[in-house]
Amino acid sequence: MDYRSVISENIAKLTEIPVEQVNKLIEIPPQKDLGDFAFPCFILAKSMHKAPALISSELAGDESLKANGMFNVKNAGPYLNFYIDRSAYASDIISRINKAGDGFGSSEQGKGQNVIVEFSSPNIAKPFHVGHAFTTILGNSLARIYDRLGYNVIRMNHLGDYGTQFGKLITAYRLWGDEKALDEDPINELLRIYVKFHQEAKEDPSLEDSARENFRKLEEGCPEEKALWQKFRDMSLVVFRKLYDRMGISFDNYNGESFYSDRIPAVVDMLNEKGLLEESEGAQVVKLDEYDLPPCIILKSDGTTIYASRDIASILYRKETYDFDKNIYVVGIPQALHFKQVFSVLKKAGYDCADNCVHVGFGLVKFKNMAFSTRDGNIVLLEDLLNAAVEKTREVIVENNNLRGQDMTEEQIDEIAEKVGIGSVIYTYVKSGREKDIVFSWEDMLNFNGNSAPYLMYTYARIRSIIRKASESGIASSSDPSVLGSLTSDDEYEVVSALAAFEDSVKRAASTYEPFVVSRVLFETASAFNSFYNNCRILGDDIDRKDSEARLALCEAVSNVLKAGLYLLGIETVERM
Ligand code: ARG
């Protein structure tokens, strides 16, 4: 249950203002003594022919607004202030969370609806860099969030596995390819010969002709060219999959650009039948003046297909195959125009599914005081970033382990460092609004007291250790509503309010395509929990058993929400740290 909606519905019933409008008008008062929610009555003055202050004093007496004791309602000037009954609040939220466990936040909102999330989509035979990690991590999180909300999610990886560059690679491989190097480090070897191709082609233009010829053969399905292309593709996928596995990411399919190439003639026919194709400087284009966009090229002047035409074909395929209700593209902001053009071509051709296609863009990746060995135009490889993060995390964990006199084995330390290190990288991508550029710095990533994965993961592990300790002394968390109702102190109330924001944050993260709405609630929850933990005792001889049980339930709820939320961001928790 969402408190704001309960209030809005009840006010709407009494006043004839639409629920959505009431919902928007509800404010969170700046001070707690003015209530947890407030409704300004100005808007009612006209229709009710009364002063706002008079209206609020009349409404404050209406029983229905109390929602069976959930709220106390008081008027203050033109405002109607709602005070949550802390006891009922704590008991309701904590029991619901602990009943749901780490699956908390799930809903049936998306039942029966198909959502495609296309993400990652790297180019084969190219290094997987930190920019690709942005779409990979953001997309994985959005897929998990939609899944949690009950949507049927299809995860697609639209690999860049087609185009004239493969003709170049085939030519280059035949001239300078080193089979052994290819087996050992395929991406680097492919990159090496690709770079060499461009150097050599400056001197020897016939190389370009050979590349074009090889690509033509590939398009025609000639076995030798196709086999080489397949080999490059398979080898690249092995490398990409290793990264995906390491981050716990999977896809339902890897239908890359090549998959759509033989569907393009049908697209061309369709556009022709509808009279939308026009010739422009030898190329076939669809004009998009009415959308204020430049024309979209469908076929190049030499008759070959292009990136945009493959995307158009892929949308038609996706509609046919998955009958999507939403088709989400997690791709960098620089491709915004491309997607506008692609969606508009389909719209112009009368496909309403174009309205359900969404481009979810994101910013750039930057580094502060971090040195990496970079290749080819300052590219930082994701693998290098992950390895460095894990290594640094390991140092901190070893230090903490020694400080606290813990006795973790090397194996345990390795496992924890791997999860926390990767978590720290993932979290950096999802802790701010996606359109902002992100800046990596070890200080922020590995700050065990700040807005970082280690902080959230440590809070989780700490709670798990409290629960283990309690259980050793035979104390378990309570699920009795009247016991939970005792969690009403300011410290406890802050934790409960933070927890209460979680469910709604999952829904808002989905509707705005912003996982950071969830990460923010996790950080607020962990911060509230840590103040509570500093100020209140949970276990001990001097504390009443019922209080221990209630507070343990609060701890458990926090651990459930942290685990549920971190999972939605793509981060795995550890039981000790
Ligand atoms: N492979 C492209 C790149 O690395 C991204 C593909 C985006 N997806 C799409 N359907 N066009 O830039």
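Calculation rules
Residues numbered from 1 in each chain as written. Predicted model: local features only at pLDDT ≥ 70, side-chain atom pairs only at ≥ 80, totals over all residues. Heavy atoms only, no water. Buried < 20%, exposed > 50% of the residue type's maximum accessible area, 1.4 Å probe, protein only. Helix = DSSP H or I, 4+ residues; strand = E, 2+ residues; numbered from the N terminus. Arc of directions from axis to C-beta. Contact = heavy atoms within 4.5 Å. Pairing = 2+ DSSP bridges. Axes fitted to C-alpha atoms, helices over the stretch in contact; angles between N-to-C directions. Near = heavy atom within 4 Å. Polar contact = N/O pair within 3.5 Å; in protein donor to acceptor, adjacent residues only side chain to side chain. Areas by Shrake-Rupley, 256 points an atom, 1.4 Å probe, with all protein chains shown as cover. Nonpolar A, V, L, I, M, F, W, Y, C, P; charged D, E, K, R; others polar. Right-handed = clockwise from strand over helix to strand, strands pointing away. Phe/Tyr/Trp six-rings, centres within 6.5 Å; stacked < 30°, edge-to-face > 60°. Core = buried A, V, L, I, M, F, W, Y, C linked by side-chain atoms within 4.5 Å. Parallel < 35°, antiparallel > 145°, perpendicular 65-115°, else oblique. Disulfide = S-S within 2.5 Å. Left-handed = near helix turned anticlockwise from the far one by under 90°.

Enquirer: Lay out helix α22 (residues 502-512) with the relevant residues and their values.
Expert: Every buried residue of α22 is accounted for by Phe502, Ser505, Val506, Ala509 and Ala510. Viewed end-on, α22 has its buried residues packed into an arc of 135°, placing them on one side of the element. Residues of α22 that are buried sit in contact with α6 (130-148), α21 (490-500), α23 (516-535) and α24 (545-569). A positive backbone phi angle near 55° is found at tyrosine 513, which sits one or two residues after α22.

Enquirer: Provide a residue-level description of the sheet that holds strand β3 (residues 79-84), including the pertinent values.
Expert: The sheet built from 3 strands is open, its strands ordered β1-β3-β2 with antiparallel pairing. At either margin of the open sheet sits one strand with a lone partner, and together these are β1 (37-40) and β2 (71-76). Strand-to-strand, the axes of this sheet are offset by a mean angle of 20°, without reference to chain direction. One ladder, built from 4 bridges, connects β1 with β3; its direction is antiparallel. Each bridged residue has a counterpart across the sheet, and for phenylalanine 37 the counterpart in β3 is phenylalanine 82. Against the sheet, helix α1 (residues 3-15) touches β1, β2 and β3, its axis set at about 30° to β1. Here helix α4 (residues 52-60) sits on the sheet and contacts β2 and β3; the angle it forms with β2, its principal contact strand, is near 155°.

Enquirer: Mind laying out the site of the ligand, listing which residues take part and the relevant values?
Expert: Residues in contact with the ligand, as listed here, are Glu118, Ser121, Asn123, His132, His158, Tyr307, Asp311, Tyr329, Val331, Gln335 and Phe339. A distance of 3.2 Å is found between an oxygen atom of the ligand and a side-chain nitrogen or oxygen belonging to glutamine 335. Here the ligand has 350 Å² of accessible area as a free molecule, and 87% of this is covered by the chains. Of the residues in the shell around the ligand, the class split is 4 nonpolar, 5 polar and 2 charged.

Enquirer: For the side chain of glutamate 118, give the residues involved together with the corresponding values.
Expert: Within the secondary structure layout, glutamate 118 lies in strand β4 (residues 114-118). Among the polar contacts listed, one links the side chain of glutamate 118 to the side chain of arginine 318, at a separation of 2.9 Å.

Enquirer: Can you explain the pairing of strand β5 (residues 152-156)? Please cite residues and give values.
Expert: Summarising burial for β5: 4 of the 5 residues are buried, a large majority. As paired elements, β4 and β5 share 5 bridges and run parallel to each other. Opposite asparagine 114, over in β5, you have asparagine 152 as the bridge partner. Once the chain exits β4 it traverses α6 before rejoining the sheet at β5, and the crossover so formed is right-handed.

Enquirer: Now, about the sheet that holds strand β9 (residues 326-330): what can you tell me, with residues and values included?
Expert: One open sheet accounts for 4 strands, arranged β5-β4-β9-β10; its pairing is parallel. Both edges of this open sheet fall to β5 and β10 (357-360), since each of them pairs with a single strand only. Taken over all neighbouring pairs, the strand axes of this sheet differ in orientation by 20° on average, direction set aside. Pairing analysis gives 4 bridges linking β9 to β10, with the strands arranged parallel. Across the sheet, residue valine 330 finds its bridge partner in β10, namely valine 360. On top of the sheet, α6 reaches β4, β5, β9 and β10; it is set at about 155° to β9, its chief contact.

Enquirer: Help me get a handle on the packing of aromatic side chains, residues and values and all.
Expert: Applying the stated criterion across every chain yields a total of 27 aromatic pairs. Their ring planes at 65° and their centres at 5.2 Å tell us that phenylalanine 134 and tyrosine 429 sit as a pair that is edge-to-face. In this pair, phenylalanine 134 is assigned in helix α6 and tyrosine 429 in helix α17 (residues 410-430), connecting sequence segments 295 residues apart. On the basis of relative accessibility, which here comes to 1%, the residue tyrosine 429 falls in the buried class.

Enquirer: Which residues make up the nonpolar core, and what are the values?
Expert: Counting 161 residues, the largest nonpolar core has Phe71, Phe82, Tyr429 and Phe502 as its most contacted members. Sort the elements by how many residues they give to this core and α24 lands first, with 13 residues. Phenylalanine 82 has contacts with Ile7, Ile11, Gly35, Asp36, Phe37, Phe39, Leu65, Phe71, Asn72 and Val73, leaving out every residue within four places of it along the chain. With 36 residues, the next largest nonpolar core counts Ile264, Val267, Leu271 and Leu288 among its residues.

Enquirer: Before we move on, can you summarise unusual backbone geometry with the specific residues and values?
Expert: Look at serine 120: it is not a glycine, yet its phi comes out positive at around 75°. As for its placement among the helices and strands, serine 120 is situated in the loop between β4 and α6. For serine 120, a relative accessible area of 3% translates into the label buried. Residues other than glycine seldom take positive phi values, yet tyrosine 513 does so here, at roughly 55°.

Enquirer: So what's going on with the packing of α6 against α24? Residues and values would help.
Expert: Direction vectors running N to C along α6 and α24 enclose 130°, while the axes themselves pass 7 Å from each other. As far as their axial angle goes, α24 and α6 are oblique. On α24, the residues that touch Ser141, Arg144, Ile145 and Arg148 of α6 are Ala564, Tyr567, Leu568 and Leu569. Class assignment of the residues belonging to the contact of α6 with α24 gives a composition of 5 nonpolar, 1 polar and 2 charged.

Enquirer: Give a description of the state of the cysteines that names residues and reports values.
Expert: Taken as a whole and assessed by the stated rule, the structure comprises 0 disulfides. Between cysteine 555, a free cysteine, and cysteine 536, which holds the nearest cysteine sulfur, the sulfur-to-sulfur gap is 9.9 Å.

Enquirer: I'd like a description of the packing of helix α16 (residues 382-403) against α17, backed by residues and values.
Expert: Orientation of α16 relative to α17, taken along the N-to-C sense of each, is 125°, at an axis distance of 7 Å. The angle between the axes of α16 and α17 places the two elements in the oblique class. For the element pair α16 and α17, the recorded crossing hand is right-handed. On the side of α16, the interface is formed by Leu385, Leu386, Ala389, Val390, Thr393, Arg394, Ile397, Val398 and Asn401, while α17 contributes Glu410, Ile413, Asp414, Ile416, Ala417, Glu418, Val420, Gly421, Ile422, Ser424, Val425 and Tyr429.

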